[in-house]
Amino acid sequence: MGNRLSEDKNARVLLLEAGLSTKSVIQIPSGFYDVLFNSALHWRYEGEPEPQLNGRWMWQQRGKVLGGSSSINAIAYVRAHALDYENWAAMGAEGWCYAEVLPYFKKCETYEGGGDTYRGDAGPLGVQRGSNHSPLFKAFIQAGVQAGLLYGVIDLDGISAISLSAGGSIESDHLQYGAITASSPPSTAPHPPP
Ligand SMILES: Cc1cc2nc3c(=O)[nH]c(=O)nc-3n(C[C@H](O)[C@H](O)[C@H](O)COP(=O)(O)OP(=O)(O)OC[C@H]3O[C@@H](n4cnc5c(N)ncnc54)[C@H](O)[C@@H]3O)c2cc1C
């Protein structure tokens, strides 16, 4: 949002966030697990005891770093099912049906396969189809196909029926990639806390 606001040359944008800069272990995608247990980089929120979890509570990590949770996330790219947006709109979330949010998804991304009805080709966030050559991945997909599901035919981020697809991920050039790395305002400079 800061990046889009700063497109207006008359605007001065103040990006105010708690936490450290991203120049740390979080730049390494496999550093993800380390970050989850590194209290300096998230807020250490704890959930409430859940009856469905036999009374146990869970960690609810939220990023305390420039770029927020997007700087500590798993860089998977998933838009959610189109029907979720339709349901939210039907429940009163005006402006949130799939056709209304789609232009913003497209504007955000540059898809590796190029732009089409569902994909953008000029946005700040590089998105690629997941690739996984593990035998377990292949066996899982094969089982789905044997059960009658389509594989790789439908773009799951489009108007998706139930089908199988390799999950999308954010193109990261082997580095963690989030809101701040994809589209920080030109003059973003971390400022130490007072
Ligand atoms: C561990 C983890 C893995 C995830 N993996 C994925 C994934 O692979 N793919 C995916 O699509 N999504 C993933 N997500 C979810 C995704 O990262 C979040 O949904 C998204 O970043 C939320 O954006 P937001 O702007 O709503 O909140 P946030 O990104 O959390 O932004 C809130 C910002 O406000 C700041 N803030 C909070 N309180 C204060 C305060 N008092 N003063 C100043 N600043 C404050 C925070 O530090 C933070 O920078 C993951 C999330 C987590 C935590």
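Every value quoted in this text rests on a predicted model; they were computed, and no experiment measured them.

**Focus on the environment of Gly 31**
Here is step 1: Summarising the element assignment, Gly 31 is placed in the loop between helix H1 (2-5) and helix H2 (32-36).
Here is step 2: According to the C-beta neighbour criterion, Gly 31 is partly exposed, with 16 such atoms within 10 Å.
Here is step 3: Here the alpha-carbon distance between Gly 31 and Ala 74, two residues 43 residues apart in the chain, equals 9.9 Å.

**Overview of the nonpolar core**
Here is step 1: Grouped together as the largest cluster of nonpolar side chains are eight residues: Ile 26, Val 35, Leu 41, Val 65, Leu 66, Ile 72, Ala 179 and Ile 180.
Here is step 2: Every residue in contact with Ala 179, bar those within four places of it in the chain, is listed here: Gly 67, Gly 68 and Ser 70.
Here is step 3: Of all hydrophobic cores here, the second largest spans five residues; its members include Tyr 77, Tyr 111, Leu 125 and Val 127.

**Concerning the environment of Asp 155**
Here is step 1: Looking at where Asp 155 falls in the secondary structure, it is placed in the loop between helix H5 (135-146) and strand E6 (168-170).
Here is step 2: Note: C-alpha distance between Asp 155 and Tyr 118 (37 residues apart in sequence) is 8.3 Å.

**Points about H5**
Here is step 1: When the terminal C-alpha atoms of H5 are compared, their 16 Å separation across 12 residues agrees well with the 16 Å that a helix rising 1.5 Å per residue should span.
Here is step 2: H5 sits mainly on the outside: zero of its 12 residues count as buried.
Here is step 3: Where H5 terminates, the next one or two residues include Gly 148, which has phi positive at roughly 100°.

**Regarding the environment of Glu 112**
Here is step 1: Among the structural elements, Glu 112 can be located in the loop between strand E4 (109-111) and strand E5 (125-129).
Here is step 2: Glu 112 gets classed as partly exposed once you count the C-beta atoms within 10 Å, which come to 13.
Here is step 3: Each C-alpha atom of the pair Glu 112 and Val 127 lies 6.1 Å from the other, and the pair is 15 residues apart in sequence.

Cut-offs and rules
Residues numbered from 1 in each chain as written. Predicted model: local features only at pLDDT ≥ 70, side-chain atom pairs only at ≥ 80, totals over all residues. Helix = DSSP H or I, 4+ residues; strand = E, 2+ residues; numbered from the N terminus. Buried ≥ 20, exposed ≤ 12 C-beta atoms within 10 Å, placed from the backbone. Core = buried A, V, L, I, M, F, W, Y, C linked by C-beta atoms within 7 Å. Contact = placed C-beta atoms within 7 Å. Expected span 1.5 Å × (residues − 1).

Shape is all these values report; function is a separate question.
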